[in-house]
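# Fold and geometry: a report
In case you want the letters, here they are:
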Amino acid sequence: VPAARIRNFCIIAHIDHGKSTLADRLLQVTGTVEQRQMKEQFLDNMDLERERGITIKLQAARMNYKAKDGQEYVLNLIDTPGHVDFSYEVSRSLAACEGALLVVDASQGVEAQTLANVYLALEHDLEIIPVLNKIDLPGAEPSRVAGEIEEIIGLDCSGAILASAKEGIGIDEILETIVEKVPPPKDTVNDKLRALIFDSYYDSYRGVIVYFRVMDGKLKKKDKIYLMASGKEFEIDEIGILAPTQKQVDELHAGEVGYLSASIRAVGDARVGDTITLSSAKSIEALPGYAEANPMVFCGMFPIDADQFEDLREALDKLSLNDAALHFEPETSSAMGFGFRCGFLGLLHMEIVQERLEREYNLDLIITAPSVVYKVITLKGEELYIDNPSRLPSPNERQHIEEPYVKVEMITPEIYVGTLMELSQNRRGIFKDMKYLTQGRTTLTYELPLAEVVTDFFDQMKSRSRGYASMEYHLIGYRENPLVKLDIMINGDPVDSLAMIVHRDKAYNLGRSMAEKLKELIPRHQFKVPIQASIGSKVIASEHIPALRKDVLAKCYGGDISRKKKLLQKQAKGKKRMKSVGTVDVPQEAFMAVLRLD
Ligand code: GDP
Ligand code: MG
């Protein structure tokens, strides 16, 4: 296909504004997916995505479209995730496109993620086409929302398309506008090959499958390719398009999007962001890669069964190929044994990785509470970055501790401003700005310690605003604070996986709530189990779990076999998620207790 008849675009939107539904309609109307194969959110093909109704991984699909000018066009759609944790995925898809559909829910309006995504799209010089979705809803106010987009983003909305992805309204107009407004890719088919890897995953038969956009030149089966960052060479076994499932073709040209396999066995050899070129033209300049995604939240992951350690390593290896933002390295804990310290973009990212490891790789894991990365200046003047609270140098080895701060922008209906300010203040927030947008909608800007945001700030914001507020945050740097290490002891032994770094003013209350929560969560044993919270050698809270008096089964005297069985099953199920810390069985929930303090 000549470049002039290709359009590469993505859809950007705040979560739930209708990206995936719109993608479905586009696939349907262009006949890319046959009616009988169509299921909702076709591109969200991970089980987890379908269950949670969110898009995690970007997905690509190629459509053929006959426009009103009588010409056949190839439209490559790249779907992007909308959640705050996944903006890294968004910027990857943008680099492979020339245009973007900006979908805004006409019954809601501009949200924090709408803004964040539009700024990313503008950075990549994309042509932006505004689409006001959900106009079928009685509460839809397309002209108010169009005004909001013009006012806040400064984007001309006179040509904004009124659509309902659900009812199929405006879909033809969207397709025509893509053809008209999105610039075709540059026709550089005669230049030397350069293709950008924007995604990849591991297939146990074919090895690494690479998704790429050809920027210059052409690529065909049997070509010998050179991956510029990894310095590795391969021969292409298979090349094809995503239509939307994989379909082999002979050749792909500048501007086209496709996949390839080349018996790439080592997961590190085909990194996202790398440039593919031909072995015969190694000296060419690489395409600008992606910025490294820096994990912001770390936690320990330990197999419940120590024999699964190697399986866990392999699974993390494979997942990290598909997920460039996931970091991990081996960790040994005195309480938990061998495991990994893993880094994530945020809490949702962490949860998703945990679930994928357990479902797709059949692992049973214990996860420890999330921590941010602290900067410690030692007495010798060294700078240490500490992502594991149990590794914090002792007070007589350090000058001070700094913690990461983020700028948080919330967009909320005016009536929730008070409660969101209270929330931010409770979390050590520093008020920066408040602006009225349009008709009762307000932006609130705070600077907050990241540690206070990554716990349950997002959930709190949602529940305090009945789901109406949205947020977006980015790192602004490190600041010094009086931080201390809070240790938890169970049965007299400090449990390294429960250690926390907290603000001095909050340590006392936190220690007390932790001890109370652990008392609730840890089951009774044959012996009394003391629980203590301490700072240095000073115990600040103390509880104990009384010993079990009788055998639990003693209650089910004699005959009632089925009841006895049920009880045993219940115990067995409870056991599955336990880790022995010394002689005490500690359930998974206990390690996350800090997230569930009221
Ligand atoms: P995404 O998070 O942006 O991918 O949003 P989804 O496509 O998953 O849609 C979120 C919810 O909005 C789903 O329940 C959809 O059925 C619904 N939805 C999407 N488009 C429309 C629309 O045009 N009208 C109405 N009434 N609902 C829609
Ligand atoms: Mg979606």
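Rules behind the numbers
- Residues numbered from 1 in each chain as written.
- Chains lettered and ligands numbered in written order.
- Predicted model: local features only at pLDDT ≥ 70, side-chain atom pairs only at ≥ 80, totals over all residues.
- Heavy atoms only, no water.
- Helix = DSSP H or I, 4+ residues; strand = E, 2+ residues; numbered from the N terminus.
- Buried < 20%, exposed > 50% of the residue type's maximum accessible area, 1.4 Å probe, protein only.
- Contact = heavy atoms within 4.5 Å.
- Areas by Shrake-Rupley, 256 points an atom, 1.4 Å probe, with all protein chains shown as cover.
- Pairing = 2+ DSSP bridges.
- Axes fitted to C-alpha atoms, helices over the stretch in contact; angles between N-to-C directions.
- Polar contact = N/O pair within 3.5 Å; in protein donor to acceptor, adjacent residues only side chain to side chain.
- Core = buried A, V, L, I, M, F, W, Y, C linked by side-chain atoms within 4.5 Å.
- Patch = residues over 30% accessible without salt bridge, like charges linked within 9 Å, V, L, I, M, F, W, Y side chains within 5 Å.
- Salt bridge = Lys/Arg side-chain N within 4 Å of Asp/Glu carboxyl O.
- Phe/Tyr/Trp six-rings, centres within 6.5 Å; stacked < 30°, edge-to-face > 60°.
- pLDDT = per-residue confidence, 0-100.

### Re the overall build of the protein
Secondary structure assignment for the protein yields 14 helices and 33 strands. Across the 598 residues in the protein, those meeting the buried criterion constitute 56%. Within the protein, contacts between residues separated by at least 24 positions form 69% of all contacts whose residues are at least 6 apart in sequence. Just so you have it, the protein exposes about 26600 Å², and 48% of that area is on carbon and sulfur atoms.

### A word on the environment of Ile171
By secondary structure assignment, the location of Ile171 is in helix 6 (residues 171-181). In this structure, Ile171 is in contact with Leu22, Arg25, Leu26, Val29, Ser164 and Ala165, ignoring residues within four places of it in sequence.

### Here's the deal with the sheet that holds strand 20 (residues 365-367)
Here 4 strands make up an open sheet; going across it, the order is 18-19-17-20 and the pairing antiparallel. Across the chains shown, the open sheet's two edge strands, defined by having one partner strand only, are strand 18 (327-333) and strand 20. Each neighbouring strand pair of the sheet contributes to a mean axis angle of 30°, computed without reference to strand direction. Summarising the sheet, strand 17 (residues 297-303) and strand 19 (residues 337-344) pair through 5 bridges and their orientation is antiparallel. Note on strand 19: the bridge partner recorded for Cys299 is Cys342.

### Overview of the side chain of Asp274
Inspection of the secondary structure puts Asp274 in the loop between strand 15 (257-261) and strand 16 (275-278). Here Ala229 takes part through its backbone nitrogen, which lies 2.7 Å from a polar atom of the side chain of Asp274. Once you skip the residues sitting within four places of it in the chain, Asp274 turns out to touch Ala195, Leu196, Ile197, Leu227, Met228, Ala229 and Ser230.

### Let's talk about unusual backbone geometry
Notably, Asp125 is not glycine yet its phi reads approximately 60°, a positive angle. As for its position among the elements, Asp125 is in the loop between helix 4 (112-123) and strand 5 (127-133). A relative accessible area of 67% places Asp125 in the exposed class. In this structure, Arg428 takes a positive phi of about 65° despite not being glycine. Along the chain, Arg428 falls in the loop between helix 9 (417-426) and strand 24 (430-436).

### Observations concerning the nonpolar core
Of all hydrophobic cores here, the largest spans 47 residues; its most connected members are Met301, Leu357, Val408 and Met410. No other element matches the 5 residues that helix 7 (residues 309-322) contributes to this core. If we skip the residues at most four places from it in the chain, Met410 touches Leu420, Ser424, Thr442, Thr443, Leu444, Tyr446, Phe457, Met461, Ser470 and Met471. Listed in part, the 36 residues of the second largest apolar core include Leu120, Ala140, Phe198 and Leu437.

### Remarks on a nonpolar patch on the surface
Together, Phe431, Met434 and Tyr436 give the surface a local cluster of nonpolar side chains, amounting to about 300 Å² of exposed area. By the element assignment, Met434 lies in strand 24. Assessed through its relative accessible area of 30%, Met434 is described here as partly exposed.

### A few points about the packing of aromatic side chains
Counted according to the given criterion, the structure contains 6 aromatic pairs. When the centroid spacing of 6.2 Å and the interplanar angle of 65° are considered together, the rings of Phe198 and Tyr211 count as edge-to-face. Of this pair, Phe198 sits in strand 7 (residues 194-203) while Tyr211 sits in strand 8 (residues 207-216); the two residues are 13 residues apart in sequence, bridging distant segments of the chain. Just as Phe198 is buried, Tyr211 falls in that class too.

### Concerning the environment of Ser542
Mapped onto the fold, Ser542 is located in strand 31 (residues 538-545). Placed 30 residues apart in sequence, Ser542 and Arg512 show a C-alpha to C-alpha distance of 7.6 Å. Those residues in contact with Ser542 that lie beyond four places of it in its chain are Ile531 and Gln532.

### So, the confidence of the model for the protein
Of all residues in the protein, 87% have pLDDT values of 70 or greater, and the mean over the chain is 86. The ipTM, which scores confidence in the relative placement of chains, is 0.99 for this predicted complex, and the corresponding pTM is 0.71.

### Some details on the pairing of strand 33 (residues 584-587)
Across 4 bridges, the pairing between strand 32 (residues 578-581) and strand 33 is antiparallel. Its bridge partner lying in strand 33, Ser580 is registered against Asp585.

### Quick word on the side chain of Ser470
Inspection of the secondary structure assignment puts Ser470 in strand 26 (residues 470-481). At a separation of 2.9 Å, a polar atom in the side chain of Ser470 contacts the main-chain amide nitrogen of Ala112.

### Some thoughts on the pattern of salt bridges
By the definition in use, this model includes 32 salt bridges. Between Glu235 and Lys222 there is a salt bridge, with the nearest N and O atoms lying 3.7 Å from each other. Placement of Glu235 in strand 11 (residues 232-235) and of Lys222 in the loop between strand 9 (218-220) and strand 10 (224-227) is noted, with a sequence separation of 13 residues between them. For Glu235, a relative accessible area of 32% translates into the label partly exposed. Judged by relative accessible area, which is 53%, Lys222 ranks as exposed. Among the ionic contacts, a cluster of salt bridges with common partners joins Glu111, Glu141, Arg144, Glu148 and Arg441.

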